[in-house]
Amino acid sequence: MPLGTLTELPAPKGATTNAIQILKNLAYIFCDIDGTLTGNNGRGHSSKLLDTLQRLMSHGLKIGLVSGRETLTVLAVHRIFDLNGPIISENGAELVLDPRHDETQRMKIGGLSLSQIATITQRLEAHGFGERCFIDPEKKHLVTLYPNEFPRHRPEDLPILCERVIAVLQPLANEIEISYSSAAIDICARGVNKGTGIQKMCETLFEPLSVVAFVGDSVNDLPAFEVVSRGGGWVALVRNEPAVKSCLQTCPRVYYARASASEGAVKFLEFFSRHRNL
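Residues take numbers from 1 onward in each chain, read along the sequence in its written order. Totals for whole chains, interfaces and linings use all residues, but because this is a predicted model, local features are given only for residues with pLDDT of at least 70 and pairs of side-chain atoms are given and counted only at 80 or more. Side-chain measures were taken over the full set of non-hydrogen atoms in the model, leaving aside hydrogen atoms and water.

## Some points on a positive patch on the surface
Argument step 1. Each patch is built from residues lacking any salt bridge and having more than 30% relative accessible area; the joining distance is 9 Å for like charges and 5 Å for nonpolar side chains (Val, Leu, Ile, Met, Phe, Trp, Tyr). Values of accessible area rely on a 1.4 Å probe in the Shrake-Rupley scheme; residue burial ignores everything except the protein chains shown. The salt bridge definition used is simple: a Lys or Arg side-chain nitrogen within 4 Å of an Asp or Glu carboxyl oxygen. Charge assignment in this entry is limited to Lys and Arg as positive and Asp and Glu as negative, and neither His nor the chain termini are counted. Taken as the charge centre is NZ of Lys, CZ of Arg, CG of Asp or CD of Glu, depending on the residue. A surface patch of positive charge is lined by Lys48, Arg258, Lys267 and Arg274.
Argument step 2. Tracing the sequence through the fold places Lys48 in the loop between helix H2 (33-37) and helix H3 (49-58).
Argument step 3. Throughout this description, buried means an accessible area under 20% of the type-specific maximum (1.4 Å probe, protein chains only), exposed means over 50%, and partly exposed covers the range between. By relative accessible area, which is 47% here, Lys48 ends up partly exposed. What counts as a helix is a DSSP run of H or I of at least four residues, what counts as a strand is a run of E of at least two, and both are numbered from the N terminus.

## Overview of the pairing of strand E10 (residues 212-216)
Argument step 1. For E10, the tally of buried residues reaches five of five residues, placing the bulk of the element in the interior.
Argument step 2. On E10, burial covers both faces: Val212, Phe214 and Gly216 on one face and Ala213 and Val215 on the other are all buried.
Argument step 3. Each pair of strands is called paired provided DSSP finds at least two bridges between the two strands. Here strand E1 (residues 28-31) runs beside E10; their pairing, made up of four bridges, is parallel. Paired with Ile29 across the strands is Ala213, a residue of E10.

## Quick notes on the layout of surface pockets
Argument step 1. Here a cavity means grid points, on a 1 Å grid over the protein atoms only, where a 1.4 Å probe fits yet cannot get out; a pocket means an open set of points with protein on both sides within 12 Å along at least five of seven lines; lining residues are those with an atom within 4 Å of a point. Grid points are joined across faces, edges and corners, and a volume is the space filled by probe spheres set on the points. Here the largest pocket is characterised by a volume of approximately 200 Å³.
Argument step 2. Lining the largest pocket are Arg132, Cys133, Pro147, Glu149, Arg152, His153, Arg154, Asp157, Leu158, Leu161 and Arg164.
Argument step 3. Examining the composition of the lining of the largest pocket, we find that three residues originate from one element, helix H7 (residues 158-168), more than from any other.
Argument step 4. Ten residues, namely Ala, Val, Leu, Ile, Met, Phe, Trp, Tyr, Cys and Pro, are considered nonpolar, four, namely Asp, Glu, Lys and Arg, are considered charged, and the remaining ones, Gly among them, are considered polar. Classifying every residue of the lining of the largest pocket gives four nonpolar, one polar and six charged.

## Observations concerning the sheet that holds strand E8 (residues 176-180)
Argument step 1. With antiparallel pairing, four strands are arranged side by side in an open sheet as E6-E7-E9-E8. Of all the strands in the sheet, the pair left with one neighbour each is strand E6 (133-135) and E8. Averaged over all neighbouring strand pairs, the angle between strand axes comes to 20°, with direction disregarded.
Argument step 2. Judged from the three bridges that link them, E6 and strand E7 (residues 143-147) form a sheet pairing that is antiparallel. Bridging across to E7, Ile135 finds its partner in Leu145.
Argument step 3. Strand contacts of helix H5 (residues 114-126): E6, E7, E8 and strand E9 (185-189), with the helix running at about 25° to E7, the strand carrying the most contacts.
Argument step 4. Against the sheet, H7 makes contact with E6, E7, E8 and E9, and its axis sits at roughly 165° relative to E8, the strand it touches most. Lines fitted to C-alpha atoms define the axes, with helix axes restricted to the stretch in contact, and inter-axis angles between N-to-C directions lie between 0 and 180 degrees. Any two residues whose heavy atoms approach within 4.5 Å at even a single point are treated as in contact.

## A word on the sheet that holds strand E2 (residues 62-66)
Argument step 1. Reading across from one edge, E5-E4-E3-E2-E1-E10-E11-E12 is the order of the eight strands in this open sheet, with mixed pairing throughout. Two strands in the sheet have a free side with no partner beyond their single neighbour: strand E5 (106-108) and strand E12 (254-256). Mean inter-strand twist for the sheet, computed between neighbouring axes without regard to direction, equals 20°.
Argument step 2. Sheet topology note: the E2/strand E3 (residues 87-89) ladder contains two bridges and is parallel. Its bridge partner lying in E3, Leu65 is registered against Ile87.
Argument step 3. Docked against the sheet, helix H4 (residues 71-80) engages E2, E3, strand E4 (94-96) and E5, running at close to 145° with respect to E3.

It is worth stressing that arrangement in space is one thing and function is another; only the former is reported here.
What follows is the structure in structure tokens.
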């Protein structure tokens, strides 16, 4: 079955004995929040999710969050799910290594300066985006643009909106990265993203990327998919997102969930559990 299809497989196409062994050796699973642990609109989650997460953590696995949300909100989600792994917030701009024991020890990895945020905001408003979208006022290190209809927007409209934002901010192309999730458009400092956040976390904890899995759903997860896959870990896609699937075709350790969003995340966690005999 071709890699381009959204399919749950006993072992993904191209998976080798070595790939399954890597799966068995995973120590960390990092999950995006919106559209991955939650539903596509950022609300609700699979009825199996909490029990599945707790079962894996009881066997020593660290489960953390990698999100575009600001740190306080990610901490709240971390508490709700009672997770035990690190937090990477604002698309890689901040890192909390041990939030279960100390939420105050945060490491700033990078992000936009106040002057860059002001310039971006002014350009967006000057081109009429203020009439169709709103900017998340809680973000400190990036600019996140939500459709006014959020969370009842159409996620499939975001790629077109993202293209318009890219065109308007073209003069700043050397300074910023622009991507989209199932919820919003993210404008980050160049070189600061979910992938660099995971890389920094591994360097800080002296862990190889090969013990990490990342579960995501959107284009803004691509840097994390790329870093983890290049480092020898596993990745899982829980949404039928063509732009992401095309980029994952060469990844040797990739899982395509049959279900989407939170249900798809559970499918991957159960797949992992089967191969670990948990």
